[in-house]
Amino acid sequence: MNQIIPGLWEIDEIGDRVHCYVWEWSGGLTLIDTGFPTDVHTILDALTAKGYALHNVRRIIITHGDIDHIGGAAKLKRATGAVLGCHSVEKILLENPSQRKPAALALRPLFAALRLMPQFNVLPVTPDELYVDGEKTPEGFIVIHTPGHTPGHISLLHREKRVLIVGDALNNRGGRLQLPPPMFTPDMANAQRSVWKLAKKYGEDFDVMVFGHGPPILQNGGRKVQSLVAKIFSEST
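Below is a short write-up of the structure. A quick note: this is a predicted structure, and the numbers were derived from the prediction, not measured. (Residues numbered from 1 in each chain as written. Predicted model: local features only at pLDDT ≥ 70, side-chain atom pairs only at ≥ 80, totals over all residues. Heavy atoms only, no water.)

Spatially, the four strands line up as an open sheet ordered β8-β9-β10-β11, and their pairing is mixed. Two strands bound the open sheet, and with one partner strand each, they are β8 (142-145) and β11 (208-210). When strand polarity is set aside, the average angle formed by the axes of neighbouring strands in this sheet is 20°. Two strands pair when backbone bridges link them, and β8 and strand β9 (residues 154-158) are joined in this way by four bridges, in the antiparallel orientation. (Pairing = 2+ DSSP bridges. Helix = DSSP H or I, 4+ residues; strand = E, 2+ residues; numbered from the N terminus. Axes fitted to C-alpha atoms, helices over the stretch in contact; angles between N-to-C directions.)

Listed below in structure tokens is the structure:
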């Protein structure tokens, strides 16, 4: 595992197709997102290799219901005994993963076919906790509802540590901060509004950003989001 800041670890053993994280705090461990269905054993092995007891994973927080973020949720919940939480709107995607469809109509038959393959077959899971915008979790995260990529997408802000766990509200592929890809984002207008919200309401509250896709930003993250928002909305006027 790769330490981003004290207390925040990326489980880099699963590779860089997607990122999931471990938050270490006084109440135990919190897992943020769960990778693909095939990543379950790698994640469990990474935790035990780091010296963590699986029962110390007390909570699993899901940023959104994509296959690469909820793929291991059901099995990791069972293996650790952790409670699992997501935004109240996203509950339907966790309980019915096949309802998550790409925005591009041409890709939908391919996605339906992929779900028949074991490596892409997401088990449904019922969340124990449902979050709303502005709620504060026991770890100290402020839940920020950032819809667009999915209806119940959330990002997680820890003001004391000045870190934002973005999920897929933005990505940093190739080291370039950008909006989520339109072909997988059913509501791009709402995705833009969500990034505006991150910049305007919370942009002064974080420096470090970690993503579902792309390397972390370790300095001036809030300012970079504010600059991106200024560019997006200047181009749209």
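Moving on to the pattern of salt bridges. Under the defined criterion, the tally for this structure stands at ten salt bridges. The partner of D39 in a salt bridge is R17, with the nearest N and O atoms 3.9 Å apart. With D39 in the loop between β4 (28-32) and α1 (40-49) and R17 in the loop between β2 (8-10) and β3 (21-25), the pair connects residues that are 22 residues apart, well separated along the chain. Overall, D39 belongs to the buried group, its relative accessible area being 5%. Salt bridges sharing common partners tie together R59, E129 and E139. (Salt bridge = Lys/Arg side-chain N within 4 Å of Asp/Glu carboxyl O. Buried < 20%, exposed > 50% of the residue type's maximum accessible area, 1.4 Å probe, protein only.)

Between helix α6 (residues 188-202) and helix α7 (residues 221-235), the least distance of the axes is 9 Å, while the angle of their chain directions is 135°. It follows from the interaxial angle that α6 and α7 lie oblique. Judged by the twist between their axes, the crossing of α6 over α7 is left-handed. Residues Q192, V195, W196, L198, A199 and K200 of α6 form the contact with α7, whose own contacting residues are V225, Q226, V229, I232 and F233. Looking at the contact of α6 with α7, its residues break down into eight nonpolar, two polar and one charged. (Parallel < 35°, antiparallel > 145°, perpendicular 65-115°, else oblique. Left-handed = near helix turned anticlockwise from the far one by under 90°. Contact = heavy atoms within 4.5 Å. Nonpolar A, V, L, I, M, F, W, Y, C, P; charged D, E, K, R; others polar.)

Overall, the coordinates contain three aromatic pairs when judged by the stated rule. Geometry around F36 places R17 over its ring, the cationic atom sitting 4.1 Å from the centre. Seen from the ring of W9, K50 lies directly overhead, with NZ or CZ sitting 4.0 Å from the centre. (Phe/Tyr/Trp six-rings, centres within 6.5 Å; stacked < 30°, edge-to-face > 60°. Lys NZ or Arg CZ within 6 Å of the ring centre and 35° of its normal.)

With that settled, consider unusual backbone geometry. Residues other than glycine seldom take positive phi values, yet R162 does so here, at roughly 55°. Tracing the chain through its elements places R162 in the loop between β9 and β10 (163-165). You will see that N220, though not glycine, has its phi angle at about 55°, which is positive. Checked against the element boundaries, N220 lands in the loop between β11 and α7.

I11, V22, L31, I43, I60 and I62 are the most contacted members of the largest nonpolar core, which totals 29 residues. Those elements that place two or more of their residues in this core are β4, α1, β5 (57-61), α2 (67-70), α3 (73-80) and β6 (83-87). Tallying contributions element by element places α1 first for this core, with five residues. Apart from residues lying up to four places away in sequence, L31 is in contact with I11, Y21, V22, I43, V57, R59, I60, I61 and L76. Of all hydrophobic cores here, the second largest spans 21 residues; its members include I144, L164, L198 and F206. (Core = buried A, V, L, I, M, F, W, Y, C linked by side-chain atoms within 4.5 Å.)

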